[in-house]
Amino acid sequence: MLITKDEIASLLPHKLQVQEGEVPVESKGLEKTKLLEDLRELFGTQPLAVLATQGEGTPYVSLIAFASDEKLKYLLFSTTKATRKYANLSANPSVSLLIDNRKNTLEDFRDAVAVTALGKIEPVEDFELRIMENIYLMKHPHLVDFLHSPTNAFLKINVEKYIVVSHFQHVVEVKV
Amino acid sequence: MKKEGRKEGINVPRGACISTAVYNDYVDKTGLRGRILLELNRKPFEEMRWEELWDLSEKIKHMFARTPFPPEMGTELEEKLAGYFGEKAVAVRSSAPGEDSAKTSFAGVHASYVNVWGTEAILRHLRLVWASLWSDSALLYRKEMGLDIFKSAMAVLIQEIVEGRVSGVAFGMNPEDASEALVEAVYGLNKGLVDGTVEPDRWVLERKSGNIKKHYHAERGRGVFGTEEGTELRELPENLKETPPLTQEEVAQVFNLTLKTETLFGSREGIRKPQDVEWTIRDNTLYTLQSRPITTLVGEDRDEKRLWHLSLRRSFGNLKELRETIEEKQIPAMQAEARELEKEELSGLTESTLAKEIERRAGIYRKWHDIYWDEFIPFAHGARLFGQVYNETVDPKDPYEFADLLSGTGMLSLERNRKLEEMAGKLRKAPGLLQKAKNLTPDPGLGKELDAFISEYGGSYSESSAAREGLVRLLVEMASSPPLSQPPASPVKTKEQDRIRKLKENFLSRFEGEKEQFAAELLDLGRASYRLRDDDNIYLGKIEAELRRALLEGEKRLKKRGLKGAKLPEIEKLPNLEPIIEEITEKMIKTLKDPKYSFEWKKSGKTEKTEKTEKTEEKLKPRQLLGNPSGPGTSQGSARVILQESDLYDIKAGEVLVCDAVDPNMTFIVPLCSAIVERRGGMLIHGAIIAREYGIPCVTGVPDATKLIKNGDYLAVDGYLGIVTVLERRDW
């Protein structure tokens, strides 16, 4: 039995149908606010994210526990210094972070949102250390010993922009 | 329970129940749930040694003790508790779900605290009772009963303390005779009865009729009574000494109470469960303090009700006895025996006399080995007992601070290390002598010192020339670099001694009156336990070395005899004789006695087999290995993996010592190392103790450490988090 194109379309979520011709988020302030709100919520529900660094021209990804500040300008994470990712980002502070809510099911193609953050690693400065630590530990209170170990580095990604993918192929960019 | 109790005409003290929801809220909001999970996950539960289990539960307990309630939660609890109990003394008792059901009894597994005063103290003890959900015995018990460790939660009962005139326990059924019931009573508080300081009057009743069959009078002398700051043991007035604490009517009343609670709790499960009841009488009113089904754990039941330090006292007493036996009897006998063996010349013996001598020495070794396991190792618990008390009273930031108080008490191995450093110092100052040593040219002066050293510290330095040579190489290595970290007892470390003195003063100041005496004795016991744990191994090492010497002599003879194709075990290279001692001794004796027996040596193919299986399986390359942080600090260096004794002498300054288990006989190389990585786990094992003494980073409990790490791998050791990273794999 054949299914018509219209029938397939009716199975798809409404948003996808209006994808074409949509005004880019950047030009509409309200939509940016809404999107950032959605991202804030997404980031809150995801304890872990995939960090991409590079060492000698080779990409290297690793799973990290992250948190973000209220404005989503900074993404915070922590790593021991004897790791590959730390060696990589010490040599090259440009990194990328993937935050997503996939469940590894078919429905992901409809429901999942994947956010790629691009930015540069910066050390957490003394003046902001307390507040940043609080932000991080609010989300990951069990990592307190890890965070406070002298062998650990507490870092922030100064985010330049987010690339947000939804509905499998719907992609928007937002600068922060 | 309170409500039902009143309905059935049973009086219970006022109380409040802190539900499991409060527990869950607390561990979620504070992140403790995650921290516990991380700690429990360092290693599979099944692979943990009891020492590691103890460390684990002590760490978790420490987390509970040091993690306050989130402000809004704390305030709410404080207000409620203050309104309910004010400044009255209470008992804080565990009541985990699944506890005391028909099948399981957690009696004695979880903690209970009595005579807790004031809201702040109640909240602290509430957390300590929660922590006991993760005590080593509780973890083992839940594992044994097949209960889910991670689903654990605990409700806690806070109960006003009723200071009765007379108190006691009663068994609705005598655990030893089902036709009888028992009532025990003392003047004053129950504490005197349950901790064994006051002898109770005892009535045996017929369960069916309630008739008293027999009354055993106690020698009534003293009783435990409440005071402002706790309880005290007081002399009874003369008239009470002569009068039994209960009248016959009261005995009947107490017995009836056991039947009432039996009906009350039994009916719930559809079967009758005789009860074990703790009761007290105040102003002619009989109060039920606790009632639980009698289980096979009846004997331990009473422990739970003890004050914490009193509950330790019984095992404290045992440990004190053990110490006396070990220090005054076993150790001197062991030393004397080792000295006797050392004097004997073996090279002149005939082969059959040598065989007899080996047999005798193997017997002596076995004897001491058994004593070591039966008495010396249990005595090591003394250090842990002290740690437990220290942590509960001082509540330090570092749960192993107590180890600093225990150390620096003249451990033999540290003395030996100082002596080594002294010899190295002489070489350092005399280039001519150093050159001689480098070329392994004998020097009479140094030779004498080495002789004295080996005789004094014996250990596993066998008489073999390889070990002696190794020792010289080690001295050369030590002399070629500047003096290493000073052993703690040197005057340079007076600051450290100052700190330790302060720790001690602070600890003792937490106790008052006769309790201070108890605390001082406990510290003394802890120190003895800590020191002996190290020394006893050295003494046993001497005995082992003497057996080894005889076996080496035997091997020499066999080689002379020229056994064709026989695979001799190369005793010199075996780091640890213990696993093969029976086999090797038996074969050696038989071969020495009977020249035809030599073919037996060909059979031994054990070592070959293991090599083969290792070769066929492709090895995984380790990158980061997880163990337990056992000595703070971090450092990097090449791995020196110890697979056999002779490897010890190859160590170079700055290398990371990687071994199966640091034996006290090995600790002389520790000052040369930049870090220690050990397969065996525990915070108070030798490696961890010595690392702490020298301030060297240490990670213990790394599974398969010596198999995964290769000699020469470049390692980063994180002694804060317990991580070993292979930064560069040796590629040769």
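Before reading further, recall that the structure is shown in the block above.
In this report, the structure presented in the accompanying data block is examined. Every chain's residues receive numbers from 1 upward, in the order its sequence appears when written. For naming, the first written chain is A and the first written ligand is 1, with later ones following in the order written. In keeping with the predicted nature of the model, local features appear solely for residues at pLDDT of at least 70, side-chain atom pairs appear and are counted solely at 80 or more, and the whole-chain, interface and lining totals rest on all residues. Remark: hydrogens and water are excluded; side-chain values derive from all non-hydrogen atoms of the structure.

Points about the overall build of chain B
Looking only at helices and strands, chain B has 26 helices and 20 strands in total. Accessibility here uses a 1.4 Å probe with only protein chains present; expressed as a share of the type maximum, an area under 20% marks a residue as buried, one over 50% as exposed, and anything in between as partly exposed. Counting every position in chain B, which comprises 732 residues, the buried fraction comes to 56%. We call two residues in contact whenever any of their non-hydrogen atoms come within 4.5 Å of each other. For chain B, the share of sequence-separated contacts (at least 6 apart) that also reach a separation of at least 24 residues comes to 68%. Accessible surface for chain B amounts to roughly 33,300 Å². Of this, 51% is attributable to carbon and sulfur atoms. Numbered from the N terminus, helices here are DSSP runs of H or I no shorter than four residues, and strands are runs of E no shorter than two. Per-residue and other accessible areas follow the Shrake-Rupley method at a 1.4 Å probe size, with only the shown protein chains counted as cover for residues.

A closer look at the packing of helix α4 (residues 50-66) of chain B against helix α6 (residues 119-131) of chain B
Residues and elements named next belong to chain B. At their nearest, the axes of α4 and α6 sit 8 Å apart, and the two run at 160° to each other. When the interaxial angle is binned, α4 and α6 end up roughly antiparallel. The way α4 lies across α6 gives a crossing that is right-handed. Counting all contacts with α4, which are made through Lys61, Phe64 and Ala65, the residues of α6 involved are Arg124, Arg127, Leu128, Trp130 and Ala131. Note on residue classes: Ala, Val, Leu, Ile, Met, Phe, Trp, Tyr, Cys and Pro are nonpolar, Asp, Glu, Lys and Arg are charged, and everything else, Gly too, is polar. Classifying every residue of the contact of α4 with α6 by side-chain character gives five nonpolar, no polar and three charged. Each axis is a line fitted through C-alpha atoms, and for a helix only the stretch in contact is used; angles between axes span 0 to 180 degrees, taken between their N-to-C directions. Reported orientations rely on four angle classes, namely roughly parallel under 35 degrees, roughly antiparallel over 145, roughly perpendicular from 65 to 115, and oblique for the rest. What makes a crossing left-handed is the near helix being turned counterclockwise from the far one by less than a right angle; a clockwise turn instead makes it right-handed.

Brief notes about the interface of chain A and chain B
With 14 residues of chain A in contact, the opposing surface of chain B contributes 15 residues. Buried area is a sum: the accessible area each of two parts loses on coming together, probed at 1.4 Å, counted once for each and added. Both sides together, the interface formed by chain A and chain B hides about 1,100 Å², and carbon and sulfur atoms give 64% of it. Its largest share of buried area at the contact with chain B, chain A owes to Ala82(A), His142(A) and Thr151(A), together 41% of the area lost on that side. For salt bridges, the criterion is a side-chain nitrogen of Lys or Arg within 4 Å of an Asp or Glu carboxyl oxygen. We note a salt bridge from Arg35(B) to Asp145(A), for which the minimum N-O separation is 3.4 Å. Any pair of N or O atoms that falls within 3.5 Å is considered a polar contact. Within protein, one atom must be able to donate a hydrogen and the other to accept it, and sequence-neighbouring residues count only if both atoms are side-chain atoms. Between chain A and chain B we count two residue pairs in polar contact (both at pLDDT 80 or more) in total.

A word on the sheet that holds strand β7 (residues 201-206) of chain B
Residue and element names in this part refer to chain B. One open sheet accounts for six strands, arranged β8-β7-β6-β5-β11-β12; its pairing is antiparallel. Looking at the sheet topology across the chains shown, the edges are occupied by β8 (212-216) and β12 (285-293). For this sheet, the mean inter-axis angle between neighbouring strands, taken without regard to orientation, is 15°. DSSP bridges decide pairing: two strands pair if at least two such bridges lie between them. Of the pairings in the sheet, the one linking β7 to β8 comprises four bridges and is antiparallel in character. Within β8, the position partnered with Arg202 by the bridge is Tyr216.

Considerations on the pairing of strand β1 (residues 48-55) of chain A
Residue and element names in this part refer to chain A. Relative to strand β2 (residues 58-68), β1 runs antiparallel, the two sharing eight bridges. Residue pairing across strands places Gln54 opposite Pro59, the latter belonging to β2. Counting the residues between successive antiparallel strands, the hairpin from β1 to β2 contains two residues, one of them, Glu56, with a positive phi of roughly 50°. In this sheet, strand β4 (residues 94-100) lies alongside β1 in antiparallel orientation, the contact comprising three bridges. Along β4, the bridge assignment pairs Ala52 with Ser96.

Quick look at helix α2 (residues 20-30) of chain B
Residue and element names in this part refer to chain B. Residues of α2 that are buried include every one of Val22, Tyr23, Tyr26, Val27 and Thr30, and no others. All buried residues of α2 fall inside an arc of 125° around its axis, so they share one side. Check the buried side of α2 and you find it contacts β1 (15-18), α3 (32-40), α4, α5 (71-85) and α6. At the exit of α2 stands Gly31, carrying a positive phi of roughly 80°. The arc in question is the one spanned by the directions pointing from the helix axis to the C-beta atoms.

Regarding the packing of aromatic side chains
Residues and elements named next belong to chain B. Working definition: rings of Phe, Tyr and Trp (its six-membered ring) pair if their centres are within 6.5 Å, and the pair is stacked with planes under 30 degrees apart, edge-to-face with planes over 60 apart, and tilted otherwise. A full pass over the atoms with the stated rule returns 18 aromatic pairs over all chains. Judged by centre distance (6.1 Å) and plane angle (70°), the ring pair of Tyr372 and Phe376 falls under edge-to-face. One end of the pair is Tyr372 and the other is Phe376, both in helix α13 (residues 351-379) and four residues apart, which spans about a single turn. Tyr372 sits in the buried class, given a relative accessible area of 8%. Accessibility expressed as a relative area gives 2% for Phe376, which makes it buried. On the basis of an interplanar angle of 40° and a centroid distance of 5.8 Å, the ring pair of Phe386 and Tyr390 is categorised as tilted. Note that Phe386 and Tyr390 are positioned in helix α14 (residues 381-394) at a spacing of four residues, about one turn of the helix. What makes Phe386 buried here is its relative accessible area of 0%. Accessibility expressed as a relative area gives 0% for Tyr390, which makes it buried.

Comments concerning a nonpolar patch on the surface
Residues and elements named next belong to chain A. Without a salt bridge and with relative accessible area above 30%, a residue can belong to a patch; like charges are then joined within 9 Å and nonpolar side chains (Val, Leu, Ile, Met, Phe, Trp, Tyr) within 5 Å. A cluster of nonpolar side chains, contributed by Leu106, Phe109 and Phe168, occupies part of the molecular surface with about 370 Å² of accessible area. Mapped onto the elements, Leu106 comes out in the loop between β4 and α5 (108-111). Assessed through its relative accessible area of 67%, Leu106 is described here as exposed.

Some words on the nonpolar core
All names here are of chain B. Residues grouped as a nonpolar core are buried Ala, Val, Leu, Ile, Met, Phe, Trp, Tyr and Cys residues, joined through side-chain atoms within 4.5 Å. Counting residues in hydrophobic clusters, the biggest one holds 64 residues, and the most contacted among them are Phe386 and Phe507. Among the elements that line this core, the one with the most residues is helix α21 (residues 514-561), at 16 residues. Dropping the residues within four chain positions of it, Phe386 is found in contact with Phe402, Leu405, Leu406, Phe507, Leu522, Leu523 and Gly526. Membership of the second largest hydrophobic core comes to 41 residues, among which are Tyr23, Met63, Leu133 and Ala153.

Overview of unusual backbone geometry
Positive phi, normally seen in glycine, also occurs at Asp395(B), with a value near 55°. Locating Asp395(B) in the fold gives a position in the loop between α14 and α15 (401-406).

Description of the side chain of Arg93(B)
All names here are of chain B. Mapped onto the secondary structure, Arg93 falls in strand β2 (residues 90-95). Counting rule for charge: Lys and Arg are taken as positive, Asp and Glu as negative, and neither His nor the chain ends is counted. No salt bridge forms around the buried Arg93; measuring N to O, its nearest opposite-charge neighbour Glu278 is 4.7 Å away. For Arg93, the side chain forms a polar contact with the side chain of Gln159, separated by 3.4 Å. Engagement of the side chain of Arg93 in a polar contact is seen with the side chain of Gln290, the distance being 3.3 Å.

Some words on the sheet that holds strand β16 (residues 656-659) of chain B
Residues and elements named next belong to chain B. What the eight strands build is an open sheet, ordered β13-β20-β19-β15-β16-β17-β18-β14; its pairing is mixed. Because the sheet does not close on itself, it has two edges, and the strands there are β13 (624-626) and β14 (628-631). Going across the sheet, the axis of each strand differs from the next one's by a mean of 30°, ignoring polarity. Bridging between strand β17 (residues 675-678) and strand β18 (residues 698-700) involves two bridges; their strand directions are parallel. Bridge pairing in β18 links Ile676 to Cys698. The strands that helix α25 (residues 686-694) touches are β14, β17 and β18; relative to β18, the one it contacts most, it runs at about 170°.

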